[in-house]
Amino acid sequence: MEQARIVIEGVTPQVDAGRFAVKAVVGDALEVAADIWRDGHDKLRAEVLYRPVAPDEWQAQVGPVPADAKREGWQWVEMTTAYETNDRWTATIPLDTMGLYRFTVRAWTDTFASWRDGFEKKLRAGQDVSLELREGEALVELTRSHASASSGAALERLLGAIRATAFVDRRCEMMLADELLVMMQKLDPKLDAQLYEFECPVWVDREKARFGAWYEIFVRSQGTVPGRSATFHEAEARLPAIAAMGFDVLYLTPVHPIGRTFRKGKNNSLVCGPDDPGSPWAVGNEDGGHTAIHPDLGTIADFDHFVAEARRLGLEIALDFAVQCSPDHPWVKEHPAWFKHRPDGSIQYAENPPKKYQDIYPIDFETTDREGLYRELLAVARFWIDHGVTILRVDNPHTKPSSFWEWFIAEVHRRRPDVIFLAEAFTRPKRLARLAKVGFTQSYSYFTWRNTREELEEYAKELFVGDHSRYLRPNFFANTPDILHEYLQKGGRPAFIVRLILAATLSPTYGIYSGFELCENTPLHEGSEEYRDSEKYEIKVRNWRAPGHILTHVARVNEARREHRALRYASTLRLLESSDPNILAFAKTTPDKRDPVVVVVNLDPKTVHEGTVRVPGDLYGGSDSDWYRITDLLTGISYTWRGERNYVRLDPDVMPAHLFAIEQR
Ligand code: Z3D
């Protein structure tokens with residue numbers, strides 16, 4: 001058995017021992033840390049080796065890494081240790097291109113520095129060092145013998161000079177010269193270099209993967225004629241107003257032909273009238289399936305025009321990707337093997353218990369034609385990507401195999417690492433987490449169901465500070481066509497403002513489903529989270545400036561997000577002390593602790609609450625007696641605060657929150 005004296009363990013960050021990639025975005029400096037030590041007293045040096053990995057190498061099984069691996073093909077950053085006794089070493093690696101990176105850690109004994117240390121001590125203690133001197137010279141000789149002729153020449157000269165010196169004192173001095181140490185470390189042959197056994201993957205996205213404001217629409221409801229579907233052309237007229245609210249992603253619910261068989265009527269009714277348009281998630285009819293456009297919306301050329309116009313206004317298009325079929329979808333006839341037929345030849349409709357989707361068939365992933373199915377689904381994604389879609393919002397991914405998604409996302413990313421995938425997996429926590437691990441860029445979360453201070457603090461810690469933060473990026477939707485929370489139903493307009501601010505400032509990525517800005521909050525019935533007269537089943541025409549709207553709030557929050565870099569990050573979140581249990585307070589900064597933003601929210605939409613909040617001195621850069629300036633980005637009003645604890649009073653009917661930017665002293 002080989003004898004290794006250096007131990008490298010506890011390497012972070014990793015997900016499941018390197019089985020899955022840690023997530024980052026372009027421009028990040030990723031901190032890598034490891035416990036590194038060796039028996040005995042010798043000094044160590046260590047470095048992180050890292051490299052971008054080309055797509056054709058992604059699948060290559062790596063780790064355990066052969067111990068003789070050299071650093072050819074790698075870039076490296078030296079690691080340092082802040083407290084030597086702790087044996088924890090760190091370095092940050094720059095990530096400047098999209099795609100997959102791998103890193104590992106390498107350490108070796110700094111033989112010369114170790115020798116030098118002992119030598120110096122003995123010398124100072126007045127001991128005889130003549131043997132040590134010879135040992136030191138032997139080390140220099142050894143290093144020189146491993147160096148190339150050119151790089152070893154300087155060392156050779158130094159060694160010659162040392163040996164030519166008759167005076168021991170002078171020789172000691174020369175052996176201790178900083179110049180020699182630097183040279184020795186640079187040319188160190190690292191004869192006992194030890195590599196960490198594994199290469200750890202990091203997936204690097206573009207920044208939009210972490211930071212974006214989403215707005216969700218049904219294209220057909222963007223028109224002005226009641227009861228008639230808007231076209232893409234008409235919906236374009238809405239784009240400037242959406243862009244003016246400050247959004248940067250526009251998510252379109254499915255835009256494909258809608259089935260007729262078992263079509264749902266108003267309010268999820270199982271019977272539909274002749275004029276009911278059906279649920280857009282019931283994809284496909286005789287006009288086409290997943291790559292077709294609903295004829296009422298226009299043509300693929302109209303779609304392209306819409307995408308281009310949106311982009312011109314700074315809006316990226318996210319499209320729904322719902323792997324399921326209406327009974328009228330062409331695939332049902334063309335690919336019967338993709339569906340599970342019961343003994344009587346029928347196909348059982350899809351479900352996501354307790355929800356029943358009587359108007360759609362699920363795809364059978366146990367199909368005998370798995371290859372054909374996989375290839376077709378990939379072709380659908382590529383079709384839309386080729387039409388300018390850069391984000392796929394994936395419907396109910398937890399009802400399909402996670403291994404399928406792992407393959408599918410990697411295949412898309414192989415050509416287009418910029419594509420963002422949002423998983424709509426409202427399911428149990430482990431399942432949601434696994435989808436994030438296998439490659440989903442973002443995940444819908446349980447945010448809508450976290451409303452009290454305790455719930456929000458606990459959830460924020462779990463998501464942004466805990467283990468999850470390495471690979472799971474929540475997208476905090478404040479509402480969806482499927483989720484109108486009781487908090488909004490009962491709390492009215494102030495509740496909408498509260499949830500908007502929480503979503504947009506706790507999470508760098510958040511969204512609203514249109515109608516939120518109008519504070520629409522009529523439930524199907526008491527106790528239901530469904531909307532009454534939901535546009536999932538009918539075409540809506542809204543007054544987009546209806547009285548009581550919160551358009552200004554939306555625009556200001558989105559503007560604050562753009563102007564204050566702190567709001568682009570999740571991991572810098574700090575929960576702050578506040579004296580009133582109804583008042584949630586937290587702060588964010590950039591990773592280098594600049595641009596502090598402090599958010600203070602009265603979570604009770606019915607009652608005025610007041611109290612003190614504590615802003616730690618390091619955030620404003622002063623002591624407890626210092627004055628500093630804060631500006632509320634929602635109102636534009638500035639205040640002067642003093643010290644750590646300051647008074648706030650929040651009247652939900654005036655403004656239930658403060659969004660403070662702090663001027664650091
Ligand atoms: C959700 C989808 C809608 C309706 C159902 C209807 C179904 C199929 C669901 C299935 C997944 C996802 C969507 N959560 O809106 O359900 O609510 O009544 O049966 O047409 O579409 O795709 O957000």
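Our structure's up above, just so we're on the same page.
First, a word on scope: everything that follows refers to the structure included in this document.

**A word on the packing of aromatic side chains**
Enumeration over the complete set of coordinates arrives at 40 aromatic pairs. With a centroid separation of 5.4 Å and 85° between ring planes, the pair formed by Trp-58 and Trp-203 is classed as edge-to-face. Of this pair, Trp-58 sits in the loop between β4 (44–53) and β5 (75–78) while Trp-203 sits in strand β9 (residues 200–205), and the two are 145 residues apart along the sequence. The residues Trp-58 and Trp-203 share a single accessibility class, namely buried. Members of the aromatic cluster, each reached through a chain of ring pairs, are Phe-321, Phe-365, Tyr-374, Phe-404, Trp-405, Trp-407, Phe-408, Phe-421 and Phe-440. A cation over a ring is seen here: Lys-588 above Phe-464, with NZ or CZ 6.0 Å from the ring centre.

**Side note on a negative patch on the surface**
Residues Glu-454, Glu-455, Glu-458 and Glu-462 make up a contiguous surface patch of negative charge. Within the element layout of this structure, Glu-454 appears in helix α13 (residues 453–465). In this structure Glu-454 comes out as exposed when scored by relative accessible area, which is 64%.

**Some details on the pairing of strand β2 (residues 22–25)**
Burial along β2 is two-sided: the face carrying Val-22 and Ala-24 and the face carrying Lys-23 and Val-25 are both buried. For β2 and β9, the ladder comprises 4 bridges, and the chain directions are parallel. Counterpart to Val-22 in the pairing with β9 is Val-202.

**So, the sheet that holds strand β3 (residues 29–38)**
Where strands meet in a sheet, backbone hydrogen bonds hold them as pairs that are either parallel or antiparallel. The sheet built from 3 strands is open, its strands ordered β1-β3-β6 with antiparallel pairing. Looking along the sheet, the strands with just one partner apiece sit at the ends: β1 (6–12) and β6 (88–94). For this sheet the average axis-to-axis angle between neighbouring strands, irrespective of direction, equals 30°. Direction of pairing for β1 relative to β3: antiparallel, over a ladder of 5 bridges. Bridging from a neighbouring strand, Ile-8 pairs with Ile-36 of β3.

**Description of the site of the ligand**
Among the 16 residues in the neighbourhood of the ligand, the closest are listed as Ser-279, Asp-359, Glu-424, Asp-482 and Tyr-537. In the environment of the ligand, an oxygen atom lies 2.6 Å from a nitrogen or oxygen atom belonging to the side chain of Ser-279. Within the contact set of the ligand, an oxygen atom lies 2.5 Å away from a side-chain nitrogen or oxygen of Asp-482. Coverage of the ligand by the protein chains reaches 96% of its 470 Å² of free accessible surface.

**A closer look at the layout of surface pockets**
Here the largest pocket defines a volume of roughly 950 Å³. As for the largest pocket, its lining consists of 32 residues, and the residues nearest its centre are Lys-23, Asp-28, Leu-30, Arg-210 and Ser-571. Elements with a minimum of two residues in the lining of the largest pocket: β2, β3 and α13. Counting residues per element, the lining of the largest pocket draws most heavily on β2, at 4 residues. Here the residues of the lining of the largest pocket sort into 16 nonpolar, 8 polar and 8 charged.

**Some details on the pattern of salt bridges**
If you walk through the whole model with that rule in mind, you get 49 salt bridges. The salt bridge involving Arg-453 is made with Glu-457; its shortest N-O contact spans 3.2 Å. Taken together, the positions of Arg-453 and Glu-457, both in helix α13 and 4 residues apart, correspond to about one turn of that helix. For the pair Arg-453 and Glu-457, one class covers both residues: buried. When salt bridges that share partners are traced, they join Asp-320, Arg-393, Asp-395 and Glu-424 into one network.

**Points about the nonpolar core**
The biggest cluster of nonpolar side chains holds 151 residues, and the ones touching the most others in it are Ile-36, Leu-252 and Trp-405. If sequence neighbours within four positions are ignored, Ile-36 has contacts with Ile-6, Val-7, Ile-8, Leu-44, Ala-46, Met-79, Asp-87, Trp-89, Val-105 and Ala-107. Formed by 22 residues, the second largest nonpolar core is a distinct cluster that contains Leu-159, Leu-180, Met-183 and Leu-187.

**Describing the packing of helix α2 (residues 130–146) against helix α3 (residues 149–164)**
Contact geometry of α2 with α3 gives a least axis separation of 9 Å together with a crossing angle of 155°. Considering their axes alone, α2 and α3 lie roughly antiparallel with respect to each other. Here the hand of the crossing between α2 and α3 comes out left-handed. Along the contact surface, α2 presents Glu-137, Val-140, Glu-141, Thr-143 and Arg-144, while α3 presents Gly-152, Leu-155, Glu-156, Leu-159, Ile-162 and Arg-163. Partitioning the contact of α2 with α3 into residue classes produces 4 nonpolar, 2 polar and 5 charged.

**A word on the environment of Ala-154**
Mapping Ala-154 onto the fold places it in helix α3. Ala-154 sits 105 residues away from Leu-49 along the chain, and the two C-alpha atoms are 28 Å apart.

**Quick notes on the side chain of Thr-367**
The residue Thr-367 is located in the loop between β16 (361–362) and α10 (370–386) in this model. Judged by its relative accessible area of 5%, Thr-367 is buried. Within the local environment of Thr-367, its side chain forms a polar contact with the backbone oxygen of Ala-337, the two atoms lying 2.8 Å apart.

About the criteria used
- Residues take numbers from 1 onward in each chain, read along the sequence in its written order.
- Reporting of local features is limited, given that this is a predicted model, to residues whose pLDDT is at least 70; pairs of side-chain atoms are given and counted only at 80 or more, and all residues count toward the totals for whole chains, interfaces and linings.
- With hydrogens and water set aside, each side-chain value is computed from the structure's full complement of heavy atoms.
- Between the rings of Phe, Tyr and Trp (Trp by its six-membered ring), a pair exists once the centres lie within 6.5 Å; its type follows the angle of the planes, with under 30 degrees stacked, over 60 edge-to-face, and the other angles tilted.
- Secondary structure elements follow DSSP: runs of H or I no shorter than four residues count as helices, runs of E no shorter than two count as strands, and numbering proceeds from the N terminus.
- When a residue's accessible area, from a 1.4 Å probe over protein chains only, is under 20% of the maximum for its type it is buried; when over 50% it is exposed; and in between it is partly exposed.
- Distance and angle both matter: a charge sits over a ring if NZ of Lys or CZ of Arg is within 6 Å of the ring centre and within 35 degrees of the ring normal.
- To count toward a patch, a residue needs a relative accessible area over 30% and no salt bridge; like charges are then connected within 9 Å, while nonpolar side chains (Val, Leu, Ile, Met, Phe, Trp, Tyr) are connected within 5 Å.
- Calculation of accessible area relied on Shrake-Rupley with a 1.4 Å probe; when residues are assessed, cover is drawn exclusively from the protein chains displayed.
- The working definition used for a salt bridge is a side-chain nitrogen of Lys or Arg within 4 Å of a carboxyl oxygen of Asp or Glu.
- Here the positive residues are Lys and Arg and the negative ones are Asp and Glu; neither His nor the chain ends is included.
- Charge positions come from single atoms, namely NZ of Lys, CZ of Arg, CG of Asp or CD of Glu.
- Note: two strands are recorded as paired if DSSP finds a minimum of 2 bridges between them.
- Helix axes are fitted to C-alpha atoms over the stretch in contact, other axes to C-alpha atoms as well, and angles between N-to-C directions run from 0 to 180 degrees.
- If a single non-hydrogen atom of a residue is within 4 Å of a molecule or strand, that residue counts as near it.
- Polar contacts, as counted here, are pairs of nitrogen or oxygen atoms within 3.5 Å of one another; within protein the pair requires one atom able to donate a hydrogen and one able to accept it, and residues that are adjacent in sequence qualify only if both atoms are side-chain atoms.
- Lining residues are defined by having an atom within 4 Å of a point belonging to a cavity or pocket. Those points lie on a 1 Å grid over the protein atoms alone, cavities being sets where a 1.4 Å probe fits but cannot get out and pockets being open sets with protein on both sides within 12 Å along at least five of seven lines.
- Grid points are joined across faces, edges and corners, and a volume is the space filled by probe spheres set on the points.
- Amino acid classes used here: Ala, Val, Leu, Ile, Met, Phe, Trp, Tyr, Cys and Pro are nonpolar; Asp, Glu, Lys and Arg are charged; the rest, including Gly, are polar.
- We call a set of buried residues a nonpolar core when its members are Ala, Val, Leu, Ile, Met, Phe, Trp, Tyr or Cys and they connect through side-chain atoms within 4.5 Å of each other.
- By definition in these notes, contact holds between two residues if any of their heavy atoms fall within 4.5 Å.
- Oblique is the label for any angle not under 35 degrees, not over 145, and not in the 65 to 115 range, which are roughly parallel, roughly antiparallel and roughly perpendicular in turn.
- Should the near helix be turned anticlockwise from the far one by less than a right angle, the crossing is left-handed, and should it be turned clockwise, the crossing is right-handed.

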